[in-house]
Amino acid sequence: MSARVSLVIPVRDAASAKSRLAGDGGAKADARRAALAAAIALDTVSAARGAREVGELIVVGSLPEALPGVRVVDDPGFGLLVAVGAGLAAADPAAPTAVLLGDLPALQPADLDAALVAASEHHWAFVPDADGTGTTLVTAAAGLPHALRFGDGSAEQHRDAGYVELDVPEHSGLRRDVDTPAQLAELAALAAAGAVLLGPRTAALL
C-alpha cells in the first residue's frame, strides 16, 4: 500500500482569481467570474479531501468558506511557485508530497487516488493537462525535493526535470483545468455528454 500523501493546493482569492473568465463584460461578468472562481476552488479542494490516498491537505492562500480537514496557510504573495513552496514547507517531511492546481472543477476523488497510487512507483511524477502542454499534478517521494516548473510549457519542462508522466485519460477531471471561457465551455459540454462529472458548486453556476 502506498503511503498517504501530503497534498498542497494553491488557491488565489476569488476576488482576483481567473481574470480571463470575465472577459470584458463589465461588473456583472466580473461578479460571475468571482463566483465561478470560488466554486471551482471549493469543488477542487472538496474532491481532493475525499481522496483516500491524501493525508494532510494544505491550501495556500484562502478559501471562500472553511472546509473540514483542510489546513490553510498564508500565501507569501510572490507568485505561484513561492506559494507552493510555502505549502510544501508546512507539509509533513516524512510523507510523500504532491502539488495539485486549484482549478479542476471536474476532479473526482477516485481519479486523484489512481494517479497518486501510480505516482508512488516513481521518485517524481506528473499529470499533464488536457492540452498536453501544462501540468495539473506533480508528486515526489518522501524526502525528495521538487523541481517545479509551473507556467507555459510546464509539461515538457517537468519531463526534462525528471518527472515521469502518468497515463491519465484525457477526459479525466484531473486533466481538465479551467483558465479560459473556451475551457469552461468545453468542460460544460463534456459534462452534458456524461463524459465528466462537475463538482456541485460549479455545476450550479453553469
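A brief structural summary. (Residues numbered from 1 in each chain as written. Predicted model: local features only at pLDDT ≥ 70, side-chain atom pairs only at ≥ 80, totals over all residues. Heavy atoms only, no water.)

This brings us to the pattern of salt bridges. For the structure shown, the criterion picks out eight salt bridges. Of the charged contacts, one joins arginine 159 and glutamate 156 as a salt bridge, the two residues approaching to 2.6 Å between their closest N and O atoms. With a gap of three residues between them, arginine 159 and glutamate 156 both fall in helix 4 (residues 154-160), about one helical turn apart. Note on arginine 159: relative accessible area 32%, which makes it partly exposed. (Salt bridge = Lys/Arg side-chain N within 4 Å of Asp/Glu carboxyl O. Helix = DSSP H or I, 4+ residues; strand = E, 2+ residues; numbered from the N terminus. Buried < 20%, exposed > 50% of the residue type's maximum accessible area, 1.4 Å probe, protein only.)

Below, the discussion takes up the environment of valine 5. Considering the arrangement of structural elements, one finds valine 5 in strand 1 (residues 5-11). Given the relative accessible area of 7%, valine 5 is considered buried. Setting aside anything within four residues of it in sequence, one finds valine 5 in contact with Glu53, Val54, Gly55, Glu56, Pro96, Thr97, Ala98 and Leu116. (Contact = heavy atoms within 4.5 Å.)

Take the sheet that holds strand 4 (residues 97-100) next. An order of 3-2-1-4-6-5-7 is seen for the seven strands of this open sheet, with the pairing classed as mixed. Among the strands making up the open sheet, the edge pair consists of strand 3 (70-73) and strand 7 (164-165). Pairing between strand 4 and strand 6 (residues 135-140): four bridges, direction antiparallel. Paired with threonine 97 across the strands is alanine 140, a residue of strand 6. Along the sheet, helix 2 (residues 80-89) makes contact with strand 1, strand 2 (54-61), strand 3 and strand 4, crossing strand 1 at roughly 145 degrees. Its contacts with the sheet put helix 3 (residues 109-119) on strand 1, strand 2, strand 4, strand 5 (124-128) and strand 6, and the angle it makes with strand 6 is roughly 40 degrees. (Pairing = 2+ DSSP bridges. Axes fitted to C-alpha atoms, helices over the stretch in contact; angles between N-to-C directions.)

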